[in-house]
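Here is what each chain is made of, one letter per residue.
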Amino acid sequence: MNKRIIVIGGTGIIGSAVVNALEPKYEVISASRNSSIRVDLDDMDTVDKLFTKVGKVDAVVCTAQSGKLTPLNSAQWDDDFTFGMKKLTGQVELFRRAINNLNDHGSITLTSGTFKEPLPGSSVGHIVNYGLEGFVRAAALELPRGIRANVVSPGWVKETLKILGMDDAKGTAANVVAQSYVEAIEGNMQGRVLI
Ligand SMILES: NC(=O)c1ccc[n+]([C@@H]2O[C@H](COP(=O)([O-])OP(=O)(O)OC[C@H]3O[C@@H](n4cnc5c(N)ncnc54)[C@H](OP(=O)(O)O)[C@@H]3O)[C@@H](O)[C@H]2O)c1
């Protein structure tokens, strides 16, 4: 138990697999909007309160939030764009706050979700996810005290494809995806996109 780790979104499909992978070895604090340890990435006051309550940690992982597929001509475009951008702004603001709440040589791991082949309706997702990957690559250069930052791009997760009623053969099981987060925490990579 030599690391304390916050997982924001720890009740989700990917987040719960990350929590399960980390819990045998580390002290894991799982937080989300509906968890007993509450945080809402749409409201940075709740992030500040979370860090005040929990104190210094060795790693901050974010597997929270998501986006919607939205065609360019959709009547819902404005709402879907605003909703999707929250995944970008929420994780960027979390990242900035996490720096002061990490011990020396700690790490931040965010979640993007780019796909090799774009799907129709995924343009907002591409802004968000490539934006997050570019942000982490560049922001990692500025981190003090040996802190590292990386971003995991999970690709389709088997469990999600099943829930969506899609062929899950090309998906990766959540517990396999979770290993990328473990590597980001335990390894020495910096500014990398883990696919
Ligand atoms: N699953 C996939 O196939 C896949 C593929 C590529 C990328 N991704 C990305 O991976 C991430 C996780 O996906 P997932 O499938 O695990 O999602 P999920 O099952 O829907 O879980 C989302 C998690 O985030 C929490 N959450 C949502 N909004 C939040 C907010 N504003 N503040 C704090 N917590 C919030 C949820 O809990 P509460 O409702 O309690 O807040 C839940 O714990 C997302 O960014 C998604 O875009 C997923």
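Owing to the predicted nature of the structure, the values given are computational and were not obtained by experimental measurement. (Residues numbered from 1 in each chain as written. Predicted model: local features only at pLDDT ≥ 70, side-chain atom pairs only at ≥ 80, totals over all residues.)

Chemist: Mind showing me how you'd approach the overall build of the protein chain here?
Modeler: Scanning the protein chain from N- to C-terminus turns up 6 helices and 6 strands. Shown N-terminal to C-terminal, the secondary structure of the protein chain runs as helices and strands in the order β-α-β-α-β-α-β-α-β-α-α-β. Relative to the 2.2 N^0.38 estimate, which gives 16 Å for 195 residues, the radius of gyration of the protein chain is 16 Å and therefore close to what a compact globule would have. Projected onto its principal axes, the C-alpha positions of the protein chain cover 45 × 35 × 35 Å. A buried classification covers 38% of the 195 residues belonging to the protein chain. The contacts in the protein chain between residues at least 6 apart in sequence include a share of 64% that link residues at least 24 apart. (Helix = DSSP H or I, 4+ residues; strand = E, 2+ residues; numbered from the N terminus. Rg over C-alpha atoms; globule rule 2.2 N^0.38 Å. Buried ≥ 20, exposed ≤ 12 C-beta atoms within 10 Å, placed from the backbone. Contact = placed C-beta atoms within 7 Å.)

Chemist: Quick question: what am I supposed to make of the nonpolar core here?
Modeler: By size, the foremost hydrophobic cluster in this structure holds 45 residues, and its most contacted members are Ile5, Ile8, Val18, Val60 and Val61. Among residues more than four places away in sequence, those in contact with Val60 are Ile6, Ala98, Leu102 and Ile108. (Core = buried A, V, L, I, M, F, W, Y, C linked by C-beta atoms within 7 Å.)

Chemist: Would you mind showing me how to read the packing of helix H3 (residues 77-99) against helix H4 (residues 123-139) here?
Modeler: Helix-helix packing is described using two parameters, namely the angle between the two axes and the distance between the axes. Contact geometry for H3 and H4: axes closest at 9 Å, N-to-C directions at 15 degrees. One way to sum up the angle between H3 and H4 is to call them roughly parallel. For the pair H3 and H4, the sense of crossing is right-handed. Contact residues: H3 offers Asp80, Phe81, Gly84, Met85, Lys87, Leu88, Gln91, Val92 and Phe95, while H4 offers Val124, Gly125, Val128, Gly131, Leu132, Phe135 and Ala139. Broken down by class, the residue content of the contact of H3 with H4 amounts to 10 nonpolar, 4 polar and 2 charged. (Axes fitted to C-alpha atoms, helices over the stretch in contact; angles between N-to-C directions. Parallel < 35°, antiparallel > 145°, perpendicular 65-115°, else oblique. Left-handed = near helix turned anticlockwise from the far one by under 90°. Nonpolar A, V, L, I, M, F, W, Y, C, P; charged D, E, K, R; others polar.)

Chemist: Looking at this model, I keep getting lost on the environment of Pro144. Mind explaining?
Modeler: Checked against the element boundaries, Pro144 lands in the loop between H4 and strand E5 (148-152). A sequence separation of 45 residues divides Pro144 from Ile99, and the C-alpha atoms of the two residues are 8.1 Å apart.

Chemist: Honestly, H4 in this entry has me stumped. Any pointers?
Modeler: Each full turn of the α-helix corresponds to 3.6 residues, which orients residues three or four apart in the same direction. Between its terminal C-alpha atoms H4 stretches 24 Å, which fits the 24 Å expected from 17 residues at 1.5 Å a residue. Every buried residue of H4 is listed here: Val124, Gly125, Val128, Asn129, Leu132, Glu133 and Val136. All buried residues of H4 project into a common sector of 160 degrees when viewed along the axis, lining one side. (Expected span 1.5 Å × (residues − 1). Arc of directions from axis to C-beta.)

Chemist: Would you mind showing me how to read the site of the ligand here?
Modeler: Looking at the ligand, there are 27 residues lining it, with Gly9, Gly12, Arg33, Asn34 and Gly113 nearest. Per-element tally for the shell around the ligand: the top contributor is helix H1 (residues 13-22), with 3 residues. Broken down by class, the residue content of the shell around the ligand amounts to 9 nonpolar, 14 polar and 4 charged. (Near = placed C-beta within 6 Å.)

Chemist: Whenever I open this one, the sheet that holds strand E2 (residues 27-31) confuses me. Can you help?
Modeler: Within a sheet, each strand pairs with its neighbour through backbone hydrogen bonds, oriented either parallel or antiparallel. Taking strand neighbours across the sheet as the criterion, the 6 strands line up as E2-E1-E3-E4-E5-E6 in an open arrangement whose pairing is parallel. Pairing within the sheet leaves two strands with one partner each, and these edge strands are E2 and strand E6 (193-194). Here H1 sits on the sheet and contacts strand E1 (4-8), E2 and strand E3 (57-62); the angle it forms with E1, its principal contact strand, is near 165 degrees. Its contacts with the sheet place H3 against E1, E3, strand E4 (102-111) and E5, and it is angled at close to 170 degrees to E4. (Pairing = 2+ DSSP bridges.)

Chemist: Looking at this model, I keep getting lost on the packing of helix H2 (residues 44-54) against H3. Mind explaining?
Modeler: Their axes nearest at 11 Å, the elements H2 and H3 cross at an angle of 30 degrees. The angle between H2 and H3 places the two elements in the roughly parallel class. For the element pair H2 and H3, the recorded crossing hand is right-handed. Judged by residue contacts, Met44, Val47, Asp48 and Phe51 of H2 engage Glu93, Leu94 and Arg97 from H3. For the contact of H2 with H3, the class distribution of residues is 4 nonpolar, no polar and 3 charged.

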